[in-house]
Protein chains: 4
Amino acid sequence: MIRAAVIGGSGYTGGELLRILATHPQVEVTTVTSREYAGKPISLIHPNLRGFYTINFTNFSMDKIGEKADVVFLGLPHGVSLNYVPKLLEMGLQVVDLSADFRLKNPEIYKYWYGIDHPYPDLLDKAVYGLPELHYEQLKGAKLIASPGCNATATILALAPIVKGDFTRDLRFISDVKVSSSEGGAKPSEGSHHPERQNAIRPYEADGHRHAAEAEQELSILSGKDVKVSIIPHAISSVRGALASAHVWLDTERNDMDIWKGIAEFYKGKRFIRIIRGGIHPYPDPKYIIGSNFADIGFANEKRLKRLTIFSAIDNLMKGAAGQAVQSFNISRGFREDEGLRTPPLRPA
Amino acid sequence: MIRAAVIGGSGYTGGELLRILATHPQVEVTTVTSREYAGKPISLIHPNLRGFYTINFTNFSMDKIGEKADVVFLGLPHGVSLNYVPKLLEMGLQVVDLSADFRLKNPEIYKYWYGIDHPYPDLLDKAVYGLPELHYEQLKGAKLIASPGCNATATILALAPIVKGDFTRDLRFISDVKVSSSEGGAKPSEGSHHPERQNAIRPYEADGHRHAAEAEQELSILSGKDVKVSIIPHAISSVRGALASAHVWLDTERNDMDIWKGIAEFYKGKRFIRIIRGGIHPYPDPKYIIGSNFADIGFANEKRLKRLTIFSAIDNLMKGAAGQAVQSFNISRGFREDEGLRTPPLRPA
Amino acid sequence: MIRAAVIGGSGYTGGELLRILATHPQVEVTTVTSREYAGKPISLIHPNLRGFYTINFTNFSMDKIGEKADVVFLGLPHGVSLNYVPKLLEMGLQVVDLSADFRLKNPEIYKYWYGIDHPYPDLLDKAVYGLPELHYEQLKGAKLIASPGCNATATILALAPIVKGDFTRDLRFISDVKVSSSEGGAKPSEGSHHPERQNAIRPYEADGHRHAAEAEQELSILSGKDVKVSIIPHAISSVRGALASAHVWLDTERNDMDIWKGIAEFYKGKRFIRIIRGGIHPYPDPKYIIGSNFADIGFANEKRLKRLTIFSAIDNLMKGAAGQAVQSFNISRGFREDEGLRTPPLRPA
Amino acid sequence: MIRAAVIGGSGYTGGELLRILATHPQVEVTTVTSREYAGKPISLIHPNLRGFYTINFTNFSMDKIGEKADVVFLGLPHGVSLNYVPKLLEMGLQVVDLSADFRLKNPEIYKYWYGIDHPYPDLLDKAVYGLPELHYEQLKGAKLIASPGCNATATILALAPIVKGDFTRDLRFISDVKVSSSEGGAKPSEGSHHPERQNAIRPYEADGHRHAAEAEQELSILSGKDVKVSIIPHAISSVRGALASAHVWLDTERNDMDIWKGIAEFYKGKRFIRIIRGGIHPYPDPKYIIGSNFADIGFANEKRLKRLTIFSAIDNLMKGAAGQAVQSFNISRGFREDEGLRTPPLRPA
């Protein structure tokens, strides 16, 4: 039994980790920290988990964490994780970091997007970018996993087969993303106030979204070319789920089978990728993967203009955050990739 | 391994059964029928289940069902199940009927509410009303389980501790129920058209809802008194979840602890009942049980007027339909009551 | 042209007043105050009003308000309005107060519900309760209008014809109210955070809601009897609209026509009451009055149990707040009752 | 007083026309036709309009329409309007056609997208494309107005200042549109069933959307260049409102003021265009124009990649359909452009 700690356990990602780990047969959660709620029962903040945990939130203690945990899931803000990771690794703990702090290999790019001089640039190389569809082998035995951002996950999964294939020489991509409100986290704000957010169709961070850095890094590594991606997120009414619509100008007209093959071969054997084509639900829709770790990938091919759009649908708290973190953790430990992640998506939801 | 057939498998209840049974360790689904979609893959209609089933929908065949199944889940309309049940029982199959056809003990009451002369009144006594919180012992070994209606489930669970206790001599109750759109089933209609249903707060069947018959039957049996219940459902915007607000006039002013005790003792040890009191989520809210088989029970006590309201929150497709059917099935077979039902609720959803 | 000031103009009620008054032919808004946004343009906070106002928010000044306004609409919290009203009246201004501070005639009841010793009990008698369907004549020339609460409005309009008629001697009523998120105002909170509020079906203030005091006062005055009302509000997903379901136990079985007549005669000639009966939309639904000042009234009659439910649907920001305030103001000034209020409701919305 | 007929009055566009015309001072609606509901009251289908109309739906009669109407608004499906227009014009009636039948100047392009040989190609030249921001002068006195499609309106308004300016030589554009459920019309379907549509983020007609034809025509005429547009619509949860995100690759890096000026000058003096920039609502959001005829236009400029996105927000039933039809009609008659269209948008909604 692996003992796990969830640091920053009162947010949505922390809550989702607790939800998954509650039934994970190889993991026991021993510690859940929260500065704000230390001493309070977990179900006070996560009412869905009433009856699942008897432990309370505690304050984080670097001294004691080593006695209590084998793996630490960090659900902390960017710039905060930074300060925990080196010490935890030194103590011999495995770290799964859900912040952006160890995702980017190049500290200058980290500084460009996050405004912080990275204090541990040497650790960046040791971190494995926790997208199992691209880094399965590296994840085996990984001690530091940098779990990807949600919009980056959706965007990379959409474009990976394209940049890897021979579809286009135009390597600037638009990823127009539609995101649900839980992506913004558990802290209320003017923009998340229900009367303002409900029925909104609202672009945000539209002149440059940070997750582009991850997408450009991963797609460039994968293809060996200099890929540029512009991510334009739009806040909509749903609570869970994100859809990336990645728009591509093809070099030449391609038929659908051709494109389908490119995607299907790229993702052959991937446990959590489902390729969508035809039927009465011909395109991916995050609605049909709620609560699961799947990414559904599909496409639309407007031959008239040689315009191709790849759609990539995820549950932002699962494949976009906690689910993917557990998937990477499972691989790192040699467990079944889908341990704790086998419940089918809800429908309707 | 128990072989299961889901008859009427293209609706929401059928889909939810398939979702649960996909990971139930003691059950293998061998047959899923649908007149409309026979020959088509299950995931055509249930896109969430892509990757979980390889069998297709088939037409129902009474001749062959005996070779393929040990238990039959009937997800058919009222008045249709009637014609399947006797034959299936004769063939030695276990039947879990999710329609109303075998819920009521008195065929005249069945006729009053459903307009049908019951052709098999003798079977009514043999059927066990599949509400495990009231009929746990009878469910053991049951061959015919009549799974309750969703609004009846919510109403009965709210009022059972009250009529069993000494709270009131006024045995006419109002159960004001708020229901999500999936309760109406998978068939489109004018009222379910998104632009009409979204943002609606719409009473329906408000001059007499059929589930009152079940509630009156069960609460009267339980209390030994003549209980009357008026269920007034209201369609609202959510997709899943129902809340019953059962309003009670108390005989005398009671303090909160007293009421809490009455409920807590009544439900002591019940696997899927959670009693809610205090904290920042002081009342039950179906939002926090989505995807699970829980019923959350709580109350508000307006001493000024001796008015007590019991709130009962369920996921209408789980505790209100498929989840409860599997729970009853588990008990009937001597399995763990929560087999296939252990995934925690989603949050946020 | 009447010069109007909106005090507390950055909230939803203030915004709705500005929206209505923008096209009111007899009113010019000269002053809109907001402590937080003084100096900022109105459209910064109310983006819907871009292009409608050129003035900015200002700080409130008791000294200057007399030069700028003939009527003052107070959109301030309870307990704050108290301190503005006497001085404004002294200065000869008309006051339309949208808080609860002058709604209750009995200062002890005010203290019971709001916890404040009323400092100006003599003004309570002078205030006219701004529900035009009950106080049309008194509103003519009124200098101080206490505009009703939204849940009180819906509840009173539902029950007024009942207590005035001969339907029941049981004068304790349940008003089970379903409310949209804009009722909670413009300030974000944990409960209004979109991921928490969306899809909620959540009772609140369920052990005693303040608006009961208004409802009991008005229904008792109207009927000459001691009426008791318990209001149990439930937060649901919509942004606008509230439905009160007022449950009544009849003395004797009554037919529908009888009940219809009782309601129709009571509301005969009332400009903003629509009585709903039959057709494909047989019950009131706030969805179909969004953006308008209507209250739709209808009912369901379960003869089997002599249970009658009166449904009352309003737009909580219109008939439940700003719309009704303008309606009362219009009457007080001898304008057409519907001035500024003639645009039909939106559909679908 | 102009007498108006609304043909096909039971749908959402018909209903919205009736809502607007109910308070239009120069128009009296004398005739509303519906094959399905002839003889039934208008409020049976449009419950929001209870109390606004006393006439019933009738069957359309070409013989009698001339006696009853001066202008005919056609809310009929594509391919059906075709057969009404020539005769109505011959009879001397003015026609405002809300279908696609007279929007395209080139009958071959009409055939490509709609599959119909246009029987009256000569009328195509006489029709004025009813987008007042581009064709104000031509609309004066127009006898046949072809009112634009909603997604075309949003897309054209976004891109018009761009193609008219010197921003890019890359004239292939992506218009990624997010649309609300009312765009699909009033007829229920599998996809519009509430449990399926709510929380969906679902691409549709994604391999070529018909409104591209209108957008290409208008943008090419305007710019004198061969503009290509790919419209990719996504169905989301809202009921009203559409946002087009038109993605542009700039020739050179441009500063924000430059872009702002390009847009502001293009739309100078346009009554229903609001240009959005900065503040706490820095981008257009259809949420804040619900119920109004505005189009809000704004942009995001990612200098790093020379990527510009123009956002264009409309209420799909107003500026996207009925509102724009009335705006064009007003201009054609020499009325104030905003007659019947002056009520501010709702907020929150």
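Residues numbered from 1 in each chain as written. Chains lettered and ligands numbered in written order. Predicted model: local features only at pLDDT ≥ 70, side-chain atom pairs only at ≥ 80, totals over all residues. Heavy atoms only, no water.

**Regarding the interface of chain C and chain B**
The partner chain B presents 56 residues to the 57 residues of chain C that form the contact. With both chains or domains summed, chain C and chain B bury close to 4,400 Å², and 55% of this area falls on carbon and sulfur atoms. For the interface between chain C and chain B, the tally reads eight salt bridges. A salt bridge links Arg202(C) to Asp285(B); the nearest nitrogen and oxygen atoms lie 3.4 Å apart. (Contact = heavy atoms within 4.5 Å. Buried area = accessible area lost by both parts, 1.4 Å probe. Salt bridge = Lys/Arg side-chain N within 4 Å of Asp/Glu carboxyl O.)

**With respect to the domain arrangement of chain A**
Interfaces are often described in size by the accessible area the parts lose on coming together. Residues and elements named next belong to chain A. Domain boundaries assigned for chain A yield domain 1 (2–147 + 321–333) and domain 2 (150–314). The C-alpha centroid of domain 2 is placed 25 Å from the C-alpha centroid of domain 1. Between domain 1 and domain 2, a total of about 1,900 Å² is buried, with carbon and sulfur atoms accounting for 57% of that surface. The three residues of domain 1 that bury the most area against domain 2 are Tyr12, Trp113 and Glu133, which together make up 32% of that side's buried surface. Put simply, domain 1 and domain 2 have two salt bridges between them. Its salt-bridge partner being arginine 240, residue glutamate 16 comes within 2.8 Å of it at the nearest N-O pair. At the boundary of domain 1 and domain 2, one finds ten residue pairs in polar contact (both at pLDDT 80 or more). (Domains from an automatic or database assignment. Polar contact = N/O pair within 3.5 Å; in protein donor to acceptor, adjacent residues only side chain to side chain.)

**Observations concerning the side chain of Gln94(D)**
All names here are of chain D. By the secondary structure assignment, glutamine 94 is in strand 4 (residues 94–97). At 2.9 Å, the side chain of glutamine 94 and the side chain of arginine 333 are in polar contact. Not counting residues up to four positions away in its chain, the partners in contact with glutamine 94 are Asp70, Val71, Val72, Ala142, Lys143, Ile145, Phe329, Ser332 and Arg333. (Helix = DSSP H or I, 4+ residues; strand = E, 2+ residues; numbered from the N terminus.)

**Quick word on the packing of helix 8 (residues 150–164) of chain C against helix 10 (residues 211–223) of chain C**
Residue and element names in this part refer to chain C. Taken N-terminus to C-terminus, the directions of helix 8 and helix 10 make an angle of 25 degrees; their axes are 9 Å apart at the nearest point. By the criterion of interaxial angle, the relationship of helix 8 to helix 10 is roughly parallel. Once helix 8 is placed against helix 10, the crossing between them reads as right-handed. Contact residues: Cys150, Asn151, Ala152, Thr155, Ile156, Leu159, Ala160, Val163 and Lys164 in helix 8; His211, Glu214, Ala215, Glu218, Leu219, Leu222 and Ser223 in helix 10. (Axes fitted to C-alpha atoms, helices over the stretch in contact; angles between N-to-C directions. Parallel < 35°, antiparallel > 145°, perpendicular 65-115°, else oblique. Left-handed = near helix turned anticlockwise from the far one by under 90°.)

**Section: the packing of aromatic side chains**
As enumerated under the stated definition, the model contains 40 aromatic pairs over all chains in all. Residues Phe329(A) and Phe335(A) carry aromatic rings whose centres are separated by 6.0 Å and whose planes lie at 65 degrees to one another, so their mutual orientation is edge-to-face. Comparing Phe329(A) with Phe335(A), the two get one shared label, buried. Seen from their ring centres, Phe266(D) and Tyr267(D) are 4.9 Å apart, and the 90 degrees between their planes marks the pair as edge-to-face. The ring centre of Phe272(C) lies 4.8 Å from the NZ or CZ of Arg271(C), which sits over that ring. (Phe/Tyr/Trp six-rings, centres within 6.5 Å; stacked < 30°, edge-to-face > 60°. Buried < 20%, exposed > 50% of the residue type's maximum accessible area, 1.4 Å probe, protein only. Lys NZ or Arg CZ within 6 Å of the ring centre and 35° of its normal.)

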